[in-house]
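The residues making up each chain are set out below.
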Amino acid sequence: MNKTGKVESFYFPTKDGMLKLHVYGFNPVGSWGEVYTTLNEQTVCVKGFHRHKTIMRSVKMMLDTTINKKQG
């Protein structure tokens, strides 16, 4: 994947801090892309072909790691 392509950033305030999403690629539709999700000092990287599904999978992984960190 070429990193010089389209980049989108989303910021969502949560009770645990600022959730940041950086989306690279997925242009043209159906091509390879990456989503970096950051919450405080933790970062999760997910790669995939479907933009929406990859974003959802990345956020879910971040929330799962945050919940596991709080329980442990």
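Structure's up top.
These numbers were taken from a predicted model, which means no experiment stands behind them.

Caption draft 1: Summary view of the overall build of the protein. Looking only at helices and strands, one finds 1 helix and 4 strands in the protein. Mapped from its N terminus to its C terminus, the protein presents α and β elements in the order β-β-β-β-α. The buried share among the 72 residues of the protein stands at 28%. In the protein, once contacts between residues fewer than 6 apart in sequence are set aside, the share between residues at least 24 apart is 21%. Of the roughly 5100 Å² of accessible surface on the protein, a fraction of 58% belongs to carbon and sulfur atoms.

Caption draft 2: The sheet that holds strand β3 (residues 33-39), seen in detail. In spatial order, the strands read β1-β2-β3-β4; together these 4 strands make up an open sheet with antiparallel pairing. Of all strands in the sheet, those with a lone pairing partner are β1 (7-14) and β4 (42-48), marking the two edges. Strand-to-strand twist in this sheet, taken as the mean axis angle between neighbours without regard to direction, amounts to 15°. For β3 and β4, the ladder comprises 7 bridges, and the chain directions are antiparallel. The residue of β4 that forms the bridge with Thr 38 is Thr 43. Contacts between helix α1 (residues 51-71) and the sheet are confined to β1, β2 (17-25), β3 and β4, with β4 contributing the most and set at about 150° to the helix.

Caption draft 3: Main features of the side chain of Ser 58. As for its position among the elements, Ser 58 is in helix α1. Leaving out residues up to four positions away in the same chain, Ser 58 has contacts with Val 35, Thr 37, Val 44 and Val 46.

Caption draft 4: Region of the structure containing the packing of aromatic side chains. This structure, assessed with the given rule, holds 2 aromatic pairs. With a centroid separation of 5.6 Å and an interplanar angle of 85°, the aromatic rings of Tyr 24 and Tyr 36 are classed as edge-to-face. Taken as a pair, Tyr 24 in strand β2 and Tyr 36 in strand β3 lie far apart in primary sequence, 12 residues in all. Under the relative-accessibility criterion, Tyr 24 is labelled partly exposed at 21%. Centre to centre, the rings of Trp 32 and Phe 49 are 4.7 Å apart; their planes meet at 75°, and the pair counts as edge-to-face.

Reading the values: the criteria
- Residues numbered from 1 in each chain as written.
- Predicted model: local features only at pLDDT ≥ 70, side-chain atom pairs only at ≥ 80, totals over all residues.
- Heavy atoms only, no water.
- Helix = DSSP H or I, 4+ residues; strand = E, 2+ residues; numbered from the N terminus.
- Buried < 20%, exposed > 50% of the residue type's maximum accessible area, 1.4 Å probe, protein only.
- Contact = heavy atoms within 4.5 Å.
- Areas by Shrake-Rupley, 256 points an atom, 1.4 Å probe, with all protein chains shown as cover.
- Pairing = 2+ DSSP bridges.
- Axes fitted to C-alpha atoms, helices over the stretch in contact; angles between N-to-C directions.
- Phe/Tyr/Trp six-rings, centres within 6.5 Å; stacked < 30°, edge-to-face > 60°.

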